[in-house]
Amino acid sequence: NAGVTQTPKFQVLKTGQSMTLQCAQDMNHNSMYWYRQDPGMGLRLIYYSASEGTTDKGEVPNGYNVSRLNKREFSLRLESAAPSQTSVYFCASSGGVSGRTDTQYFGPGTRLTVL
Amino acid sequence: GQSLEQPSEVTAVEGAIVQINCTYQTSGFYGLSWYQQHDGGAPTFLSYNGLDGLEETGRFSSFLSRSDSYGYLLLQELQMKDSASYFCAVKGGSTLGRLYFGRGTQLTVWP
């Protein structure tokens, strides 16, 4: 199993450009998440999808859109990139929305720089 | 809303014991998790406490007191490879499954 995969690993954009970050998981998980991580800020949730066909805003959704394409794939789109979106982006997945634990499994991250 | 507080940095020497504390405020609480992240890497799950008390996994232990809204991660017999950031995260709020992360504690282990 590959777990959670993300593409690309690195990306440099100019202000105003658009791009889509791809994420896929092969663990048959119901829930998927997009986070951004900035120095000293921990992991902040951008959007999440509790199950296929649903998406919800997290703490910092402005400037982003998401698509839960199917159970495996959850993409994050920046329509018009801004320097404030320079960050490391992590995708994660988890098995479900109930139960004693809800361990999240993270992808390797995408390092995005917006000039 | 949800908020979590943990120290920003901790240092210790190899072989020592270190405790990383986490206090939280959350509307609805289902459990406290700990994640480890090495520089340039992805966060990885370490432990989970859904009930009060101590959970032990090898050299790492995690404790929870729900009445005090407090937990800690205890790392024993520290090794250089334990140098990393450690995040506490609460499972709570109105949506099960969603985690709220603290800002992380950078642990540096010196030889």
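Structure's up top.
An account of the accompanying structure is given in this report. All values derive from a computational prediction rather than experimental measurement. (Residues numbered from 1 in each chain as written. Chains lettered and ligands numbered in written order. Predicted model: local features only at pLDDT ≥ 70, side-chain atom pairs only at ≥ 80, totals over all residues. Heavy atoms only, no water.)

Concerning the pattern of salt bridges
Any two side chains of opposite charge can pair, so long as their charged atoms come close to each other.
All names here are of chain B.
For step 1, the next point in the chain: One pass over the structure, following the stated rule, counts five salt bridges over all chains.
For step 2, the next point in the chain: Linking Arg66 and Asp52 is a salt bridge whose minimum nitrogen-to-oxygen distance equals 3.1 Å. Of this pair, Arg66 sits in the loop between strand E7 (60–65) and strand E8 (70–75) while Asp52 sits in the loop between strand E5 (44–49) and strand E6 (53–57), and the two are 14 residues apart along the sequence.
For step 3, the next point in the chain: One salt bridge connects Arg59 with Asp82, and the closest N-O pair in it is separated by 2.7 Å. Of the two residues, Arg59 is situated in the loop between E6 and E7 and Asp82 in the loop between E8 and strand E9 (84–92); the sequence distance between them amounts to 23 residues. (Salt bridge = Lys/Arg side-chain N within 4 Å of Asp/Glu carboxyl O. Helix = DSSP H or I, 4+ residues; strand = E, 2+ residues; numbered from the N terminus.)

Here we look at the interface of chain B and chain A
For step 1, the next point in the chain: Each partner contributes residues to the interface: chain B has 19 residues there, and chain A has 26 residues.
For step 2, the next point in the chain: Roughly 1,900 Å² of surface becomes buried between chain B and chain A when both sides are summed, with 53% attributable to carbon and sulfur atoms.
For step 3, the next point in the chain: Taken as a group, Arg98(B), Phe101(B) and Arg103(B) account for 27% of the area that chain B buries against chain A, more than any other trio of residues on that side.
For step 4, the next point in the chain: At the junction of chain B with chain A, the criterion picks out zero salt bridges.
For step 5, the next point in the chain: Where chain B meets chain A, there are three residue pairs in polar contact (both at pLDDT 80 or more).
For step 6, the next point in the chain: When residues of the side of chain B that touches chain A are traced back to their parent elements, those giving at least two are strand E4 (29–37), E5, E9 and strand E10 (99–101) of chain B.
For step 7, the next point in the chain: Residue classes in the side of chain B that touches chain A are distributed as nine nonpolar, six polar and four charged. (Contact = heavy atoms within 4.5 Å. Buried area = accessible area lost by both parts, 1.4 Å probe. Polar contact = N/O pair within 3.5 Å; in protein donor to acceptor, adjacent residues only side chain to side chain. Nonpolar A, V, L, I, M, F, W, Y, C, P; charged D, E, K, R; others polar.)

Digging into the state of the cysteines
What makes a disulfide is a covalent bond joining the sulfur atoms belonging to two cysteines.
For step 1, the next point in the chain: Here the structure, examined in full by the defined rule, presents two disulfides over all chains.
For step 2, the next point in the chain: Sulfur-sulfur distance for the disulfide between Cys23(A) and Cys91(A) comes to 1.9 Å. With the S-S bond torsion at -70°, the cross-link from Cys23(A) to Cys91(A) turns out left-handed. Of the two residues, Cys23(A) sits in strand E3 (residues 19–25) while Cys91(A) sits in strand E9 (residues 87–94), which places them 68 residues apart along the sequence. Of the two residues examined, Cys23(A) and Cys91(A), each falls in the buried class.
For step 3, the next point in the chain: Two residues, Cys22(B) and Cys88(B), share a disulfide whose sulfurs are 2.1 Å apart. Note on the Cys22(B) and Cys88(B) pair: the S-S dihedral is about 75°, so by sign convention the disulfide is right-handed. Here Cys22(B) is found in strand E3 (residues 18–25), whereas its partner Cys88(B) is found in strand E9, with 66 residues between them in sequence. (Disulfide = S-S within 2.5 Å. Buried < 20%, exposed > 50% of the residue type's maximum accessible area, 1.4 Å probe, protein only.)

So, the packing of aromatic side chains
Residue and element names in this part refer to chain A.
For step 1, the next point in the chain: Tallied over the full model, the rule gives 14 aromatic pairs over all chains.
For step 2, the next point in the chain: Arranged with centres 6.3 Å apart and planes meeting at 85°, the rings of Phe90 and Phe106 form a pair that is edge-to-face. In this pair, Phe90 is assigned in strand E9 and Phe106 in strand E10 (residues 104–106), connecting sequence segments 16 residues apart. Across the pair, Phe106 and Phe90 agree in class, each one buried. (Phe/Tyr/Trp six-rings, centres within 6.5 Å; stacked < 30°, edge-to-face > 60°.)

Brief notes about the nonpolar core
For step 1, the next point in the chain: Leu32(B), Trp34(B), Leu75(B), Tyr86(B) and Leu107(B) are the most contacted members of the largest nonpolar core, which totals 22 residues.
For step 2, the next point in the chain: Secondary-structure elements contributing two or more residues to this core are strand E2 (9–13), E3, E4, E7, E8, E9 and strand E11 (105–110) of chain B.
For step 3, the next point in the chain: In this view, Leu107(B) contacts Val10(B), Val18(B), Leu75(B), Leu78(B), Asp82(B), Ser83(B), Ala84(B) and Tyr86(B); residues no more than four positions away in its chain are not counted.
For step 4, the next point in the chain: Residues Leu21(A), Trp34(A), Phe74(A) and Tyr89(A) belong to the second largest nonpolar core, which totals 20 residues. (Core = buried A, V, L, I, M, F, W, Y, C linked by side-chain atoms within 4.5 Å.)

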